[in-house]
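Spelled out, the chains give:
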Amino acid sequence: MPARIQTLGQYLRRQCHLYEELCALRFVRDGRAQEISYGKYFQLARQIGAGLWRRGFRPTQRALIVGSSSPEWALAFAAVQLAGGVDASLEENSDAALCIAAMKRCDARWLFSDRQDLLEAVQRVLGDRAQYCLLSWSQRKRKPLTLADLRGRGEALRAFARFMAWPSLAGRNSPASVIFKRQAPEIEGLPPGATLSHGAILQSIQGFASAAPIQEGDLILSGVAFSRGAGRLALLFALHSGAPLAVSSPSAFFRDSRRFRPSLAFATPDVLLRLARSAREGELSESPALLIVRRMALLIASLSRRAWNRISGDSPPPPSRRLELASLLSAISGATALLPFNLLSDFYLRRSLRPRLGGRLRAVFTGGQRLPAQLEDLFHALDIALLEGYWLAEAGMICACRTLEFTGQRRRLAPGTVGPTLPGIELKLIDARGEDVSVQPWRSGRIYLRGESLMLNYIEEPERSAACLDSEGWLSTEDIGRITNHGDLQLLGRRTLVS
């Protein structure tokens, strides 16, 4: 990262200028596919940012964005960053009470949402202590404001020139974003909000890019909400690579896959499990014979996968050398016997299921919960890399990820792992006796992380922050993991709060 790039706003400006004529966002509006170029994206965000400036928004102030993933969400985010502010985000289904609590904790002066009822409910409580903007392009003569209103105010030549001349008060170590963690349904109240610096986010982008080399003609599809770390990183990764980002949602993921034909995708495990269930249970219009054939193909793929995992050393060794040798010989004989059937089953599954994902998908980024074996087996048979990551808001959104086998390293797709840690991240494992077992394969311990991409703190929660960040910069994740023979991280237990 060049030294002159200190903030996300500067990064947005440079990347949009670099890829000015290329497509930035693709989306469906009124049943039709539409797109925005990087040049247009920056122009609109800059005008909205100037409109924010005219309405009194100043550098280091904070804005909360609540809404579904959309071009408008991405523009509000970029406008806040270009204006030198700090963005915070909540899930799209958050209620008024949660938004009010988040705004008070962040001291947010603005609320962006695509739900007018939410804006009005919050305004009834907070009144003029904040300003409100509907993520819409319709111009209104009454409150709340819309993006169209802000853009109109920002288009004035004098205001625009003064906004562009406003000095940036942020540096690489200044707060840039607050990501509130996902909270388990049974837990009420506002979850912790991880404050990420500009440097942490920029480092995460660089580290993540090493796991997913972009090729000419690639298109990225994101079915993860922008309010979550994976969705936010999908947006920034597209900006980093100059590839178009197709904006989708969990409910529309497979429909949009067929429409946009992505080569890379971001999806939650729950969405991918829908494909696995469909493959096993079949469609209403399918004949029983086809369903039986597919189930047999899935069973063969599963057995073959386990045999090869044992041969490659991606599974923990048996307790004794004799058992280990017997297990290895059994795996070799099983894999050899299944090889011709496995090739036929893989061919059948690819022909029948890959079209549901657009036909040219080569990798899916996912994480947040341990992937079931049936999902690993299915995507291995489809020849689509399933790149599970260790998504953690406190570690700059992501700290480890399986990598594409662009150097022929099939082992980096080992099932049950989240791959190696990303560049710039240090990891250590401390067992129950307090010993560092980081260099001992298959020894489990609590995961500690250190690096530039770690959060600054939990916003307005000094005690919680001090409990997980020590004086040497190590973050205690409270997650349990172990290292495989190949140096990949395997998660063994997750806490209630996940990214």
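What you see is a predicted model, and the numbers here were worked out from it, not measured in a lab.

**Student:** Help me understand empty space enclosed by the protein in this model?
**Tutor:** Gaps left between atoms are located by rolling a probe of water-molecule size over the structure's atoms. Counted by the stated rule, this structure contains 4 cavities of 30 Å³ or more. By volume, the largest cavity amounts to about 120 Å³. In terms of lining residues, the largest cavity is bounded by 14 residues, among which Val224, Arg228, Ala230, Gly367 and Trp391 are the most central. Counting residues per element, the ones that place at least two in the lining of the largest cavity are helix 9 (229-241) and strand 13 (363-367). A total of 3 residues in the lining of the largest cavity trace back to one element, the largest contributor, which is strand 13. Residues belonging to the lining of the largest cavity are distributed by class as follows: 7 nonpolar, 6 polar and 1 charged.

**Student:** Could you clarify how one ought to interpret the confidence of the model for the protein in this entry?
**Tutor:** Low-pLDDT portions of the prediction should not be read for the details of their coordinates. Summing up the model confidence of the protein, the mean pLDDT is 84 and the portion of residues at 70 or higher is 79%. Looking at the elements of the protein, mean pLDDT is at its lowest for helix 13 (residues 321-353), recorded as 55, and at its highest for strand 11 (residues 245-247), recorded as 98.

**Student:** I tried to follow the nonpolar core on my own but got confused; where do I start?
**Tutor:** It is characteristic of soluble globular proteins that their nonpolar side chains tend to be buried jointly. With 95 residues, the main nonpolar core has Tyr41, Trp110, Phe112, Phe208, Phe266, Tyr390 and Leu449 as its most contacted residues. In terms of residue count, helix 3 (residues 71-82) provides more of this core than any other element does, 9 residues in total. Aside from chain neighbours lying at most four places away, what touches Phe208 is Leu233, Phe237, Phe266, Phe365, Trp391, Ile398, Cys401 and Leu422. Core analysis: the second largest hydrophobic core is formed by 28 residues, Leu273, Leu275, Leu353 and Ala381 among them.

**Student:** What am I meant to see in the sheet that holds strand 20 (residues 489-493) here?
**Tutor:** Paired through their backbone hydrogen bonds, the strands of a sheet run either parallel or antiparallel. Overall, antiparallel pairing links the 4 strands, which are arranged 16-17-19-20 in an open sheet. Across the chains shown, the open sheet's two edge strands, defined by having one partner strand only, are strand 16 (426-430) and strand 20. Taken over all neighbouring pairs, the strand axes of this sheet differ in orientation by 50° on average, direction set aside.

**Student:** Explanation requested: unusual backbone geometry in the structure shown.
**Tutor:** Most peptide bonds take the trans configuration, and most residues that are not glycine carry a negative phi. The residue Thr60 is not glycine, and still its phi comes out positive at about 75°. Assignment of secondary structure puts Thr60 in the loop between helix 2 (38-54) and strand 3 (62-66). Within the chain, Met397 stands out as a residue other than glycine whose phi angle is a positive 90°. By secondary structure assignment, the location of Met397 is in strand 15 (residues 397-401).

**Student:** I keep staring at the pattern of salt bridges and nothing clicks. Help me out?
**Tutor:** Note that side chains of opposite charge can pair when their charged atoms are close. Applying the stated criterion across every chain yields a total of 16 salt bridges. Among the salt bridges present, the one from Glu452 reaches Arg172, with a minimum N-O distance of 2.8 Å. Of the two residues, Glu452 sits in the loop between strand 17 (445-450) and strand 18 (457-458) while Arg172 sits in the loop between helix 7 (157-165) and strand 8 (175-180), which places them 280 residues apart along the sequence. Linking Glu435 and Arg433 is a salt bridge whose minimum nitrogen-to-oxygen distance equals 3.8 Å. Judged by relative accessible area, which is 38%, Glu435 ranks as partly exposed. By relative accessible area, which is 62% here, Arg433 ends up exposed. Each member of the salt-bridge network shares a partner with another, and the members are Asp431, Arg433, Glu435 and Arg443.

**Student:** What am I meant to see in the pairing of strand 19 (residues 475-483) here?
**Tutor:** Of all 9 residues that make up strand 19, 7 are buried, and the element is covered over most of its length. Where strand 17 and strand 19 come together, 4 bridges link them in antiparallel fashion. Bridge pairing in strand 19 places Tyr448 opposite Ser476. Bridging between strand 19 and strand 20 involves 4 bridges; their strand directions are antiparallel. Bridged to Arg482 within strand 20 is Gln490.

**Student:** Teacher, can you tell me more about the sheet that holds strand 10 (residues 220-222) here?
**Tutor:** Here 8 strands make up an open sheet; going across it, the order is 2-1-11-10-12-13-14-15 and the pairing mixed. This sheet does not close on itself; its edge strands, each paired only once, are strand 2 (32-37) and strand 15. Direction aside, neighbouring strands of the sheet carry axes that sit 25° apart on average.

**Student:** Which parts of the structure should I look at to understand the packing of helix 1 (residues 8-18) against helix 3?
**Tutor:** Geometry of a packed helix pair, given as the angle between the helix axes and the separation of the axes. Taken N-terminus to C-terminus, the directions of helix 1 and helix 3 make an angle of 115°; their axes are 7 Å apart at the nearest point. The hand of the helix 1/helix 3 crossing is left-handed. Of helix 3, the residues touching helix 1 (which contributes Leu8, Gly9 and Leu12) are Phe77, Ala78, Gln81 and Leu82. Within the contact of helix 1 with helix 3, the residues separate by chemical class into 5 nonpolar, 2 polar and no charged.

**Student:** Looking at this structure, how should I read the packing of aromatic side chains?
**Tutor:** Any two aromatic rings considered together are summarised by their centre-to-centre distance and by the angle between their planes. The final tally for this structure, using the stated rule, is 10 aromatic pairs. Ring geometry for Trp73 against Phe226: centres 5.5 Å apart, planes inclined by 55°, an arrangement best described as tilted. Here Trp73, found in helix 3, pairs with Phe226, found in the loop between strand 10 and helix 9; they are 153 residues apart in sequence, far enough to count as distant. Judged by centre distance (5.0 Å) and plane angle (25°), the rings of Phe266 and Phe365 are stacked.

**Student:** For this particular structure, what's the right way to read the side chain of Lys428?
**Tutor:** By secondary structure assignment, the location of Lys428 is in strand 16. Although buried, Lys428 forms no salt bridge, and the nearest oppositely charged side chain, Glu472, lies 5.2 Å from it.

**Student:** When you look at the environment of Gly189 in this model, what are you seeing that I'm missing?
**Tutor:** Relative to the elements of secondary structure, Gly189 occurs in the loop between strand 8 and strand 9 (193-197). For Gly189, a relative accessible area of 42% corresponds to the partly exposed category. A C-alpha to C-alpha distance of 9.9 Å links Gly189 and Ala102, two positions 87 residues apart in sequence.

**Student:** Would you explain the environment of Ala200 in this entry?
**Tutor:** Its place among the elements puts Ala200 in helix 8 (residues 198-209). Taking C-alpha positions, Ala200 is 9.0 Å from Ala176, a pair spaced 24 residues apart along the chain. Beyond its immediate stretch of four places on either side in the chain, Ala200 contacts Glu452, Ser453 and Leu454.

Conventions and cut-offs
Residues numbered from 1 in each chain as written. Predicted model: local features only at pLDDT ≥ 70, side-chain atom pairs only at ≥ 80, totals over all residues. Heavy atoms only, no water. 1 Å grid on protein atoms, 1.4 Å probe; cavity = no way out; pocket = protein on both sides within 12 Å on 5 of 7 lines; lining within 4 Å. Points joined across faces, edges and corners; volume = space filled by probe spheres on them. Helix = DSSP H or I, 4+ residues; strand = E, 2+ residues; numbered from the N terminus. Nonpolar A, V, L, I, M, F, W, Y, C, P; charged D, E, K, R; others polar. pLDDT = per-residue confidence, 0-100. Core = buried A, V, L, I, M, F, W, Y, C linked by side-chain atoms within 4.5 Å. Buried < 20%, exposed > 50% of the residue type's maximum accessible area, 1.4 Å probe, protein only. Contact = heavy atoms within 4.5 Å. Pairing = 2+ DSSP bridges. Axes fitted to C-alpha atoms, helices over the stretch in contact; angles between N-to-C directions. Salt bridge = Lys/Arg side-chain N within 4 Å of Asp/Glu carboxyl O. Left-handed = near helix turned anticlockwise from the far one by under 90°. Phe/Tyr/Trp six-rings, centres within 6.5 Å; stacked < 30°, edge-to-face > 60°. Lys, Arg positive; Asp, Glu negative; His and termini not counted.

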